[in-house]
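Summary of the model geometry
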Amino acid sequence: MIKIKLKIKDILRTLLFICLLSINISILYQRFILDKTPSILGYSFAVVLTGSMENSINIDDMVITKKQSNYNVGDVITFNSETLDNTVTHRIIDIVQDGADNAFVKGDANNTNDKELVHTDDVCGKVVKIIPNVGEKIRYIKHPEGIAAIAMVFFIVSTLMEILVEELRDILESLKHR
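Residues numbered from 1 in each chain as written. Predicted model: local features only at pLDDT ≥ 70, side-chain atom pairs only at ≥ 80, totals over all residues. Heavy atoms only, no water.

**Considering the sheet that holds strand E6 (residues 102–106)**
Spatially, E1-E2-E3-E8-E4-E5-E6-E7 is the arrangement adopted by the 8 strands of the open sheet, whose pairing is antiparallel. Looking at the sheet topology across the chains shown, the edges are occupied by strand E1 (39–40) and strand E7 (118–119). Sheet topology places strand E2 (residues 43–47) next to strand E3 (residues 62–66); 5 bridges connect them, and they run antiparallel. Its bridge partner being in E3, Tyr 43 is matched across the sheet by Lys 66. (Pairing = 2+ DSSP bridges. Helix = DSSP H or I, 4+ residues; strand = E, 2+ residues; numbered from the N terminus.)

**Focus: the pairing of E2**
Two faces make up the sheet, and in a regular strand the side chains alternate between them. Side-chain alternation along E2 places Ser 44 and Ala 46 on a buried face and Tyr 43, Phe 45 and Val 47 on a face that remains uncovered. Inspection of the sheet shows E1 paired to E2 by 2 bridges, in the antiparallel sense. Within E2, the residue paired with Ser 39 across the bridge is Ser 44. The turn joining E1 and E2, which pair antiparallel and follow one another in sequence, is formed by 2 residues; a positive phi near 55° is taken by Leu 41. (Buried < 20%, exposed > 50% of the residue type's maximum accessible area, 1.4 Å probe, protein only.)

**A word on the side chain of Asp 60**
As for its placement among the helices and strands, Asp 60 is situated in the loop between E2 and E3. On the accessibility criterion, Asp 60 (12% relative accessible area) is buried. Apart from residues no more than four positions distant in its own chain, Asp 60 is found in contact with Val 47, Val 48, Pro 132, Asn 133, Val 134, Gly 135, Glu 136 and Arg 139. (Contact = heavy atoms within 4.5 Å.)

**Let's talk about the side chain of Lys 106**
Inspection of the secondary structure assignment puts Lys 106 in strand E6. Although Lys 106 is buried, it forms no salt bridge, and the closest oppositely charged side chain is Asp 108 at an N-O distance of 5.9 Å. With near-sequence residues (within four places) excluded, Lys 106 lies in contact with Met 53, His 90, Arg 91, Ile 93, Asn 111, Thr 112, Asn 113 and Asp 114. (Lys, Arg positive; Asp, Glu negative; His and termini not counted. Salt bridge = Lys/Arg side-chain N within 4 Å of Asp/Glu carboxyl O.)

**Some thoughts on the pairing of E6**
The buried fraction of E6 is high, at 4 of 5 residues. Pairing geometry for strand E5 (residues 86–96) and E6, over 5 bridges, is antiparallel. Residue pairing in the sheet places Arg 91 in a bridge with Lys 106 of E6. Bridging between E6 and E7 involves 2 bridges; their strand directions are antiparallel. Residue pairing across strands places Ala 103 opposite Val 118, the latter belonging to E7.

**Structural notes on the packing of aromatic side chains**
Following the criterion strictly, the structure yields 0 aromatic pairs and no others. The ring of Tyr 43 has Lys 66 sitting right over it, with the charged end atom 4.9 Å from the ring centre. (Phe/Tyr/Trp six-rings, centres within 6.5 Å; stacked < 30°, edge-to-face > 60°. Lys NZ or Arg CZ within 6 Å of the ring centre and 35° of its normal.)

**Side note on the pattern of salt bridges**
Applying the stated rule across the entire model yields 4 salt bridges. Between Glu 162 and Arg 13 there is a salt bridge, with its nearest N and O atoms 3.7 Å apart. Linking Glu 162 in helix H3 (residues 144–176) with Arg 13 in helix H1 (residues 2–33), this pair joins segments that are 149 residues apart in sequence. Its relative accessible area of 43% is what places Glu 162 among the partly exposed residues. In this structure, Asp 108 and Arg 91 form a salt bridge, with 2.8 Å as the shortest nitrogen-oxygen distance. With Asp 108 in the loop between E6 and E7 and Arg 91 in strand E5, the pair connects residues that are 17 residues apart, well separated along the chain. For Arg 91, a relative accessible area of 24% puts it in the partly exposed group.

This is the structure in structure tokens:
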């Protein structure tokens, strides 16, 4: 019975690893092969780099967006800007009903509307969640010392997990022989 439980844990750990690996491969494929903003189950993630949406969304906040079937005036969206060659998060201020579903957008802190008309196909999604100050941590992770820190944490956690599993096996084995 104990061996079966340990086998099940090993299988679940392997399945979790395969799932996480698949998600990472999917993200990399979307970003570098398809050249589009990666999404997982319709959700995309982006870190805000400018203050154009201050006080609603601040620099270094992460926005989580969800693709919608339609968008309304007042929705905050993230879209691929051809003009800036980057993703932008701004509020829809007007929708042009010309059969193409184009929208005028504006950053809350900007004095004027964006000159670029945003087409629905360029929209990554509507902002559904804002997570403050994530960008600073992500920038740290991208530097060599951040990568080293994550590798060290991963190594320590995996080593501790292996030690814990061995200890549990020993305990279970000693209980079995009583």
